[in-house]
Amino acid sequence: VDPDAVFFPARLGKLLAEHAGAGYINNCRYGMHGPIEVFSSKAISLLGEDYGRSWDGKAPSKCVSKLNFGLWGEDMFMDQCLSKVLDVGPRPTEPRLMCESHCDCPAWYWCGEGPDVVSYHPFKSIDSWKACMGNALAQNSKNETEVMSVLK
């Protein structure tokens, strides 16, 4: 989770239960974006095996050799590596995982997309991050467990 994302761990737990057995969860219909990335242990194990194939253990061998990733960020690289090279799946797209303007969530800044949205992104100041947190929690103020988990 990126530090400029407002993240609700209790919401993630509920969402993961709906996607049991997924290889990893895509967070945007345009491809995986980096503010929050959710991988299964199977996906990480396969990626670790690919790292083990490299001569120095510092890069996933098959993914590096089979992908043209010069202009990609880590999010696009991971998505392509897992789905196209390592054949990790299923890969459900889950819009509740992240709300940001680049993924068709135009009101991301107000953090009012619903009490089940796991993260909002990006917030570059402490005040804007706190405002988002407050707005998002206000939608679900009856859920004291979530409020307490965020405040810990």
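Up top is the structure these notes are about.
Chemist: With reference to specific residues and values, describe the pattern of salt bridges.
Modeler: Applying the stated criterion across every chain yields a total of seven salt bridges. As a salt-bridge pair, Arg-96 and Glu-18 come within 2.5 Å of each other at their nearest N and O atoms. On the criterion of sequence distance, the pair formed by Arg-96 in the loop between helix H4 (74–85) and strand E4 (119–120) and Glu-18 in helix H1 (residues 9–18) is long-range, its members being 78 residues apart. Taking relative accessible area as the criterion, Arg-96 reaches 23% and is therefore assigned partly exposed.

Chemist: Kindly report on the state of the cysteines, identifying the contributing residues and their values.
Modeler: Throughout the structure, instances matching the rule amount to four disulfides. Note on cysteine connectivity: Cys-99 is disulfide-linked to Cys-105, with sulfurs 1.8 Å apart. As the torsion about the S-S bond is roughly -70°, the Cys-99-Cys-105 disulfide counts as left-handed. The exposure classification of Cys-99 matches that of Cys-105, with both residues buried.

Procedures and definitions
Residues numbered from 1 in each chain as written. Predicted model: local features only at pLDDT ≥ 70, side-chain atom pairs only at ≥ 80, totals over all residues. Heavy atoms only, no water. Salt bridge = Lys/Arg side-chain N within 4 Å of Asp/Glu carboxyl O. Helix = DSSP H or I, 4+ residues; strand = E, 2+ residues; numbered from the N terminus. Buried < 20%, exposed > 50% of the residue type's maximum accessible area, 1.4 Å probe, protein only. Disulfide = S-S within 2.5 Å.

The analysis is restricted to geometry; functional conclusions fall outside its scope.
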